[in-house]
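If you want the building blocks of each chain, they are given just below.
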Amino acid sequence: MRIDDQALSIQQQLRRSGARRRRQRLVGHALVYAVMIFLALLFMLPIFWMASTSLKLPREIFAWPPEWIPSSPQWGNYAEAFGKYPLGRYMLNSAILVAANIIGGLISVPIIAYGFARFEFPFKHVLFLLMLSTMMVPGHIKLIPMFWLYQKLGLIDTYWPLILPAYFGNPFFIFLMTQFMRTIPRELDDAARIDGAGAWGILFRIIIPLCRPALTVVVVFTFVWVWNDFLEPIIFLRDWDSYPISVGLAFFQGRYSVEWHLFMGATLVSIIPILVVYFFAQKHLIGGLASIGIKG
Amino acid sequence: MLSLWRNMTTQERRDAKTGYLALSPWMVGFVIFYAFPILATFYFSLTQWTLVDPPVWIGLDNYVRMFTRDPLFVSSLKATTLFVALSLPLKLVLGLMLALLLNLKIPGMNIFRTVFFIPAVISGVAVSLMWIWFLNPDTGVVNTLLHYVGVQGPYWFWDLNWALPSVAIMSIWKVGGAAIIYLAGLQNIPAHLYEAAEIDGAGKWRRFWRITLPLLTPTLFFQLIIELIDAFKIFTEAFVITKGGPLKATYFFLYYFYEEAFRNFNMGYASALALFLLVVIMGCTVFVYRTSGRWVYYEN
Amino acid sequence: MKLLFNRKTMTLISVLLLLIVSIGGAAAQDPVTITWWTLASAESPEPAIRAVVEAFEAEHPNIKIDVTIMAESAYGDLMNTTIGAGEGAPDIAYFWETPWLPHTLDITDRLEADPDLSRDDYFEEYFNNWAVYNDRVVGLPFTVGANFVMYNKDVFDDAGVDYPTADWTPWDYIEIAKALTDPDKRRWGGDRPRGPFRAIWRNIGATKPYSDDSTTVEGYINGPDAVAAYTWLWDLVDSGATPTPADIEVLGTEGTGPVDLFIAGRLGMATLNNGHMITAANAGVNFGVVPEPHVPGNERFVHAWALRASIWAGTEHPDEAYEFLSFWAGPEGQRINMEIGALMPSLPAVLEDYPDAEADYFQGFMGVLNATQTAEWRATHPCWRGAVIRAVSDAWDLIMLGEIARDEVQATLDAMVEPAQAALEECVPRLGG
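Everything quoted here is computed from the prediction, not taken from an experiment.

Colleague: Whenever I open this one, the overall build of chain C confuses me. Can you help?
Modeller: Of the regular secondary structure elements, chain C holds 19 helices and 11 strands. When the 433 residues of chain C are sorted by exposure, 60% land in the buried category. As displayed, chain C has an accessible area near 16800 Å², and 52% of this comes from carbon and sulfur atoms.

Following this line, the structure appears as structure tokens:
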């Protein structure tokens, strides 16, 4: 009874201050929008310049004074860029690689992270640090041994070298997921255990659904990294039709000069799939524990 | 090790078995994708190897040279450390601030979230080429804008004092990627804690310090280690833009490694450099890891 | 049984068996496959590469070409990786790094015995500098590249300055650049060299950066002629008639040259190459070509290069590989690339047919192709590119940034002797002289 009274009085208080709060919120929103729009413009300047460059003639690109909006936009530049190299095909190849890597990450990462986050076992900290250490190795140092190995296995000129590692867990994601799982209260595990769930049941029924924001990060970041990876495809692929978009873009950097207008245009088009995926994925970034009213 | 196992209870043993089982895919991958190349690198670091001829065993000579008579080793380490010291705190703080802004529940926020993410999705070379242009002292956007307000902008990448900060500015532009991870971390702070604090009359500032920040420490810990590793591995900017100059101001460690390995055909020495960097980053990571018990709060 | 194996059936079976055997015999004569790595570029675009393969396969039905077309920016990494791993090499590729050369097939005898192709078909300087190593032929020079000064006639006319002529000196260059510079139009007269010991260095009289036996830098990188060359550079920087290093580095990718500024009409003169020349011609720039300035009495050098096309030493089909190499890097292949792309063949007889061969600028370009190349020394000294240049780059940066006074040039160069000598001594035992 006493608690109900208290709750009631708080509600009344809240209602009374409602009008003032609404006014405050409106001013606050306007302020936030102003800040966000200013920052967004600042961040977008380079992108805007890329777009502007992509619509210019070669000799206009470095003219003085610079033209922010080309007086005669060369929309044909885009057609030229896509006619010069099979960029559409390359984007499709990248999409295949991305999908295969995402599947690998979504399967392997939660399981491995679950081991680190929820169980105690000898040498756990050593293993964890070892896992972190794999991120510290410069990619170039692995090229020669891995090339040798894949050559021996006959996997050069196939997608396997670009896909396989994802199925053994990317350390960045394992670390992220481990940190994330550690913030999930163990009470939830215990409740499920009382309901008869085993260790794996807890992972799949309780923990993974709560990890949606982190899994979204896995999806989005895998997309970005695989989409942009340049060195490994160059080393492991041979077939003209099998290249990913990152290699396709590199063709615009010629021996003697860069075809800036084509390069910028093709780069802008190439990031559209990532942005579309991210735009729709981000609603899953919002969620997790914040959305369920559990009592700690 | 056996006695360790024997002293465990049945429950502990079952836990350990499940833990190892969960880790097993990673362990297999570790052996194939990391242990094998690292062991190979360690072997190469004990040899003189031009890539072209078979490696010749020279023992610790590469390491002796590194520590006793290589001024470039010292200067590249210095440039890298400076870069880490400059970019790491900026990226951590700005990333968090951006994430807090993006976490506000106001209409249209998903568009802003996408906008700030764009810089993080464009690949290294394209970004570098674009920044080359952007910070061009003569025609670049930044100096043009500065010119309008009557300021003579610096030479950026080719200014002794500005070259390294220019690279840091580039990396900060990509802070949207870090912000996403903060954003994901913010989602695991239970809403009821905020509600309770609000009822207690805690202001926004107080709620940030008392709830958001402590409960975000696992994510902060993650970001700290990841950004630390990332900052030490700075390479593409030096490779594409500055070529290590001017006066070795941006001659970063990995750039030195790359030059030695693939331009100077000194793979043995380059392998020693790579392993040294691994040890340095590992040392920093272990240090952060050790202190984490004191400032990282996990739920349980 | 009788029903199954009557005479007819037996005949059929034996015919079938005969057929199988004969097919098997034909299979043994299957075409040999040659793997080939090459790069797509404006000069040699993908359609030209395909056309070369098609034309070759039509002529040689017994040889198949398995081509891998790559982007230039990671080709070096790939070659290094392949050589380092000792696995997965192609039969034919570009071998542009000198340290890769031990892995090339010696084709001296094959070329000598070739009735259709001889070393005399190529530009002499290009063949000697890019195809020959330690007196053996290690490949064929594919296309020609050279630096020269391009001048924008419109800028000269606008400033009322006479066009430069081949007999100009480095000091003329500075004076002309000053006369062309116009800060209001954001226009500079000329650019700066992009590295020491290139043509203009040698033209001023500076010798190589270290002794021919690769033992000492003292007296070479800081000798009187080197000081004269660096002092000339100092004067050029001081004149304010050149864009800053930031602009040069920024606009020329991989340090090949500020062609973008030149095309935009904001640089009166620029040391560019034949690739840039085509770009400028296509952009409709009104320009001329002269050799880099030099001091009367000194030999004239040109900074030049070719793509070295070679056969992998470990190839299983050296004869077929040579067939293809001599086609691709010979007159037929280079002509196809010239016609479909804009390649400048390394064979004078083919280059004469270049579509723009009659143009005024092209004649200027032809003039530099027979000059002595700085590459004659550079191409065979990997220690300069890899180690020594890095040790002396501080002196370069200091002058470029305007950080030292004119009379400090000698002292600055002297200070470079110790690190350069150390770099040389570290490098020479490793990579040879």
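Colleague: Quick question: what am I supposed to make of the domain arrangement of chain A here?
Modeller: One widely used convention gives an interface's size as the accessible area the parts lose upon coming together. All names here are of chain A. Per the domain assignment, the segments of chain A are domain 1 (2-54) and domain 2 (78-291). Between the C-alpha centres of domain 1 and domain 2 the distance comes to 34 Å. Counting residues at the interface gives 5 residues for domain 1 and 7 residues for domain 2. Buried surface at the junction of domain 1 and domain 2, summed over both partners, amounts to about 520 Å²; 79% is from carbon and sulfur atoms. The largest per-residue losses of area from domain 1 upon contact with domain 2 belong to Met50, Thr53 and Ser54, which jointly make up 85% of the total buried on that side. Linking domain 1 with domain 2 are 0 salt bridges. For the interface between domain 1 and domain 2, the tally reads 1 residue pair in polar contact (both at pLDDT 80 or more).

Colleague: Would you mind showing me how to read the domain arrangement of chain C here?
Modeller: Residue and element names in this part refer to chain C. Here the domain parsing of chain C yields domain 1 (32-145 + 304-370) and domain 2 (146-303 + 376-431). Here the C-alpha centre of domain 2 lies 29 Å away from the C-alpha centre of domain 1. Opposite the 21 residues of domain 1 that make contact, domain 2 presents 20 residues. Sorting the residues of domain 1 by area buried against domain 2 places Trp305, Tyr361 and Val368 first, and these three jointly supply 33% of that buried surface.

Colleague: Can you walk me through the pairing of strand 7 (residues 269-273) of chain C in this structure?
Modeller: Consecutive side chains of a regular strand alternate in pointing toward one face of the sheet and then the other. Residue and element names in this part refer to chain C. Among the 5 residues that make up strand 7, 5 are buried, leaving the element largely enclosed by the rest of the structure. Neither face of strand 7 is left uncovered, since the one carrying Met269, Thr271 and Asn273 and the one carrying Ala270 and Leu272 both have all their residues buried. Looking at chain direction, strand 6 (residues 140-152) and strand 7 are connected through 5 bridges and run antiparallel. What sits directly across from Tyr151, in strand 7, is Met269.

Colleague: When you look at the pattern of salt bridges in this model, what are you seeing that I'm missing?
Modeller: A side chain of one charge can pair with a side chain of the opposite charge if their charged atoms are brought near each other. Residues and elements named next belong to chain C. Per the stated rule, a full pass over the model turns up 24 salt bridges over all chains. As a salt-bridge pair, Lys185 and Asp182 come within 3.9 Å of each other at their nearest N and O atoms. Take Asp182: its relative accessible area is 18%, and that puts it in the buried class. Connected through salt bridges with shared partners, the residues Asp158, Asp182, Lys185 and Arg187 form a single ionic network.

Colleague: Help me understand the interface of chain B and chain A, please; the structure alone is not making it clear to me.
Modeller: Residue-level contacts link 98 residues of chain B with 98 residues of chain A. Overall, the association of chain B and chain A removes approximately 9400 Å² of surface from exposure, summing both partners, and the carbon and sulfur fraction of that is 81%. The interface formed by chain B and chain A includes 0 salt bridges. Applying the counting rule to chain B against chain A returns 13 residue pairs in polar contact (both at pLDDT 80 or more). By residue number, the principal contributor to the side of chain B that touches chain A is helix 2 (residues 10-45) of chain B, which donates 23 residues. Classifying every residue of the side of chain B that touches chain A gives 75 nonpolar, 16 polar and 7 charged.

Colleague: Could you clarify how one ought to interpret a nonpolar patch on the surface in this entry?
Modeller: All names here are of chain B. On the surface, a nonpolar cluster with roughly 400 Å² of combined accessible area is contributed by Leu86, Leu90, Val93, Leu94 and Met97. Following the sequence through the fold, Leu90 ends up in helix 4 (residues 71-102). Look at Leu90 and you get partly exposed, because its relative accessible area is 37%.

Colleague: Any chance you could explain helix 9 (residues 175-186) of chain B here in plain terms?
Modeller: Since the α-helix turns once every 3.6 residues, residues separated by three or four places project in the same direction. Residue and element names in this part refer to chain B. The terminal C-alpha atoms of helix 9, which comprises 12 residues, lie 16 Å apart, in line with the 16 Å expected from a rise of 1.5 Å per residue. A large share of helix 9 lies buried, amounting to 12 of its 12 residues. Turning to helix 9, its buried residues are Val175, Gly176, Gly177, Ala178, Ala179, Ile180, Ile181, Tyr182, Leu183, Ala184, Gly185 and Leu186.

Colleague: Sorry if this is basic, but what is going on with the packing of aromatic side chains here?
Modeller: The geometry of an aromatic ring pair comes down to the distance between the two centres and the angle between the two planes. Residues and elements named next belong to chain A. Under the defined criterion, the tally for this structure stands at 88 aromatic pairs over all chains. On the numbers, 4.9 Å between centres and 80° between planes, the contact of Phe172 with Trp225 is edge-to-face. Of the two residues, Phe172 is situated in helix 8 (residues 171-182) and Trp225 in helix 11 (residues 212-228); the sequence distance between them amounts to 53 residues. Of the residues examined, Phe172 reaches a relative accessible area of 8% and is grouped as buried.

Colleague: What is the right way to read the packing of helix 11 (residues 204-232) of chain B against helix 14 (residues 267-295) of chain B from this model?
Modeller: To characterise two packed helices, one gives the angle between the axes of the helices and the distance between these axes. Residues and elements named next belong to chain B. In the contact formed by helix 11 and helix 14, the axes pass within 10 Å of each other and the chain directions differ by 165°. The pairing of helix 11 with helix 14 is recorded here as roughly antiparallel in orientation. Remark: the crossing between helix 11 and helix 14 carries right-handed chirality. On helix 14, the residues touching Thr217, Leu220, Phe221, Leu224, Ile225, Leu228, Ile229 and Phe232 of helix 11 are Leu277, Val280, Ile281, Cys284, Thr285, Val288, Tyr289, Ser292 and Trp295. Looking at the contact of helix 11 with helix 14 residue by residue, the classes come out as 14 nonpolar, 3 polar and no charged.

Rules and cut-offs
Residues numbered from 1 in each chain as written. Chains lettered and ligands numbered in written order. Predicted model: local features only at pLDDT ≥ 70, side-chain atom pairs only at ≥ 80, totals over all residues. Heavy atoms only, no water. Helix = DSSP H or I, 4+ residues; strand = E, 2+ residues; numbered from the N terminus. Buried < 20%, exposed > 50% of the residue type's maximum accessible area, 1.4 Å probe, protein only. Areas by Shrake-Rupley, 256 points an atom, 1.4 Å probe, with all protein chains shown as cover. Domains from an automatic or database assignment. Contact = heavy atoms within 4.5 Å. Buried area = accessible area lost by both parts, 1.4 Å probe. Salt bridge = Lys/Arg side-chain N within 4 Å of Asp/Glu carboxyl O. Polar contact = N/O pair within 3.5 Å; in protein donor to acceptor, adjacent residues only side chain to side chain. Pairing = 2+ DSSP bridges. Nonpolar A, V, L, I, M, F, W, Y, C, P; charged D, E, K, R; others polar. Patch = residues over 30% accessible without salt bridge, like charges linked within 9 Å, V, L, I, M, F, W, Y side chains within 5 Å. Expected span 1.5 Å × (residues − 1). Phe/Tyr/Trp six-rings, centres within 6.5 Å; stacked < 30°, edge-to-face > 60°. Axes fitted to C-alpha atoms, helices over the stretch in contact; angles between N-to-C directions. Parallel < 35°, antiparallel > 145°, perpendicular 65-115°, else oblique. Left-handed = near helix turned anticlockwise from the far one by under 90°.

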